[in-house]
Amino acid sequence: AERARALLPEGSKIYPLGSDAEHGDAFRQIENNARDVRGLASLEFLWEQVLVPLARSMRSEVEAVLERVRPDLVVVDQQAFAGAFAARRLGLSWATLCTTSAALVDPLADLPQVRAWVHGQLAMLEREADLPASAITIAHTPWSAIATTGACVRGCTRATPRKKTPSCAIAK
């Protein structure tokens, strides 16, 4: 939370979920388990050991915060499905923040069985959240997806050369 606070305007409110000790232990365990995972097994590991448990553990707390705050727009990390599901349950507009422009296309289009498995993981989480099945992927929300794609998003300085490529891509 402290790293995020340093990047936000003064007076911004952060709603931490869980404790730092909890998160640190979980991240260390994931890091240890991930060391020898390669290829498509790494995608399965990511979903089964990281993304699905993260969505399950965050959903009720995120939904409670969103219910209390009722923001005009929820900006959701592409891998934090709990935010998208909570926004959907509460009828709030949401946009996805993607860390790469690869999320703006279908990276699994040429792997239909893998794509179906990933969609099955999302469908399972939707059922658990008492949401109707949706053809919407996390990166392709009904509102928009924002991809942070350039060096200036990380913080430009006068010494940082400006590239001619955009630092932010917005898909609608």
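On a predicted model such as this, the values are computed, not experimentally measured, just so you know.

A. Summary view of the overall build of the protein. A tally of regular secondary structure across the protein gives five helices and four strands. Reading the protein from its N terminus to its C terminus gives the helix and strand order α-α-α-β-α-β-α-β-β. Out of the 172 residues in the protein, the part that is buried amounts to 28%. Restricting the contact set of the protein to residue pairs at least 6 apart, pairs at least 24 apart contribute 56%.

B. Up close: the packing of helix α3 (residues 40–69) against helix α5 (residues 112–128). Running from N to C, α3 and α5 cross one another at 15°; their axes reach a closest spacing of 11 Å. Judged by the angle between their axes, α3 and α5 are roughly parallel. The element α3 and its partner α5 pack so that their crossing is right-handed. Contacts between α3 and α5 involve Leu40, Leu43, Glu44, Trp47, Glu48, Val52, Ala55, Arg56 and Arg59 from the first element and Val114, Trp117, Val118, Gln121, Leu122, Met124, Leu125 and Glu128 from the second. Taken together, the residues of the contact of α3 with α5 sort by class into eleven nonpolar, one polar and five charged.

What counts, and where the lines are drawn
Residues numbered from 1 in each chain as written. Predicted model: local features only at pLDDT ≥ 70, side-chain atom pairs only at ≥ 80, totals over all residues. Heavy atoms only, no water. Helix = DSSP H or I, 4+ residues; strand = E, 2+ residues; numbered from the N terminus. Buried < 20%, exposed > 50% of the residue type's maximum accessible area, 1.4 Å probe, protein only. Contact = heavy atoms within 4.5 Å. Axes fitted to C-alpha atoms, helices over the stretch in contact; angles between N-to-C directions. Parallel < 35°, antiparallel > 145°, perpendicular 65-115°, else oblique. Left-handed = near helix turned anticlockwise from the far one by under 90°. Nonpolar A, V, L, I, M, F, W, Y, C, P; charged D, E, K, R; others polar.

What is shown is where atoms sit, not what they do.
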